[in-house]
Amino acid sequence: MIPLYLDHNAGAPLKAEARVAMLDALDRIGNASSVHRFGRAARRLVEDARDTVAALVAADPAGVIFTASGTEANNLALRGFPGRSVITSAIEHPSVLAATPDACRMPVDHSGVVDLAALRDALSAADRPALVSLMLANNETGVIQPVAEAATLAHSFGALIHCDAVQGPGRIALDIAALGVDLLTLSAHKLGGPQGAAALVLADDIDPAALIRGGGQERGRRAGTENVAAIAGFGAAAATSSQDLSTAARQTALRDAIAREICAAAPAARIIAEDAPRLPNTLCVVMPGVPAETQLIAFDLAGLAVSAGSACSSGKLAASHVLRAMGYDESEARSAIRISLGPQTGDDAVERVVAAWLSLWLKRAGGTDKRDAGNSAAEFSYTANQ
Ligand code: PLP
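Anyway, here's the lowdown on the structure attached to this text.

Rules behind the numbers
Residues numbered from 1 in each chain as written. Predicted model: local features only at pLDDT ≥ 70, side-chain atom pairs only at ≥ 80, totals over all residues. Heavy atoms only, no water. Pairing = 2+ DSSP bridges. Helix = DSSP H or I, 4+ residues; strand = E, 2+ residues; numbered from the N terminus. Contact = heavy atoms within 4.5 Å. Axes fitted to C-alpha atoms, helices over the stretch in contact; angles between N-to-C directions. Salt bridge = Lys/Arg side-chain N within 4 Å of Asp/Glu carboxyl O. Buried < 20%, exposed > 50% of the residue type's maximum accessible area, 1.4 Å probe, protein only. Core = buried A, V, L, I, M, F, W, Y, C linked by side-chain atoms within 4.5 Å.

This brings us to the sheet that holds strand β10 (residues 282-286). As summarised here, the arrangement of the four strands in space is β9-β10-β15-β12, forming an open sheet in which the pairing is antiparallel. Looking along the sheet, the strands with just one partner apiece sit at the ends: β9 (270-271) and β12 (307-308). Of the pairings in the sheet, the one linking β12 to strand β15 (residues 336-340) comprises two bridges and is antiparallel in character. Its bridge partner lying in β15, Ala308 is registered against Ile337. Contacts between helix α10 (residues 292-301) and the sheet are confined to β12 and β15, with β15 contributing the most and set at about 40° to the helix.

Rendered as structure tokens:
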């Protein structure tokens, strides 16, 4: 059984171009802040990467602040304007939610799309200039948010707007000016770069207070010696990201074929946000009554790497806060898995995912899986309701 990786929203495989760039950088000596030729060569790698990361979102390279993670970039954006009141949506990534404990949370509708009327109300009610944070696309459901509309609204109230665009690159075209946002978060490992490199991209004239101080790196906005190899890998992955966009239609077709076949055989299955604009690669599906951790184990035994909607803490999966915000009940929000495809995902993913899903579902229902499950789902032995 060949393992199949269908968890690209958690982290994409490292691209060959990124690996080459990183190995080259690792073989060099020196600190990018040093004045000598070694330092200058390291600096060149960082600045080249800054150019390509900026180009990925059509931004000015001077506005790119490299960080160690998307989580850090989100924290920098949201804690960098202490005088402002913060408004976010209820479905943001935990790195946004935890950074803004006192924020006003905008609700979403049953399709997972943020309620812009609630944003208008929150902006009207704010007693200080606001900072709005709205993600580009949700990591669990893939639902794309009306960021440009939110930006227009935010600016009409004198607010700033940040967008966590971590799940966007390679899946939808990105342009910071077209989105109209003031700050935008990217993370290398979601687009085929390495873990440990990310960026907060600033529009003109935006200047968040530094979270990490003690050095002049990143124009004093993020102190600490740069991770040159990781940044070089980020730049190389960003440079090839537009190629991935050409696979979007194919990924959408695979995603929809999986959903169609599961629902045809198991009408009780629920596809989350089926009618909403979604990332081409992301499918979130509820298997009613079957906890997500049970599904993950069954999928893993079938050689398929997928994720539950929400993160695991202390070995137990919490109900997805995203699905809860969309109005799903606790049981449904505990029974969803996310299948996230990548540019290289082949047609075989459809048959294998559908076989694994139905095999578990039919066992659970006490029936026998009469389908030809191939060499995947048929191989695992699983006791339902364990
Ligand atoms: N924002 C979103 C939407 C994400 O999906 C993730 C990672 O899963 C992050 C932020 C955090 O990025 P990182 O893993 O680089 O800290």
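More follows now that the structure is in view.
For the structure shown, the criterion picks out 15 salt bridges. A salt bridge links Asp207 to Arg221; the shortest N-O distance between them is 3.1 Å. Here the residue Asp207 occupies a position in the loop between β8 (198-202) and α8 (228-245), and Arg221 occupies one in the loop between β8 and α8, the gap between them amounting to 14 residues. With a shortest N-O distance of 2.6 Å, Arg270 and Glu332 are connected by a salt bridge. Here Arg270 is found in strand β9, whereas its partner Glu332 is found in helix α12 (residues 330-333), with 62 residues between them in sequence. Glu332 gets classed as buried once you look at its relative accessible area, which sits at 18%. Linked by salt bridges that have partners in common, Arg43, Glu47, Arg50, Glu218 and Glu226 make up one network.

Take the nonpolar core next. Among the nonpolar cores identified, the biggest contains 71 residues, and Phe66, Val132, Leu184, Leu186, Val201 and Phe234 are the most heavily contacted of them. With nine residues, α8 is the largest single contributor of residues to this core. In this structure Leu184 touches Val57, His162, Cys163, Ala165, Ile176, Leu179, Ala199, Leu200 and Val201, once residues within four positions along its chain are discounted. Among the nonpolar cores identified, the runner-up in size contains 34 residues, and Ala257, Ile258, Phe299 and Ala349 belong to it.

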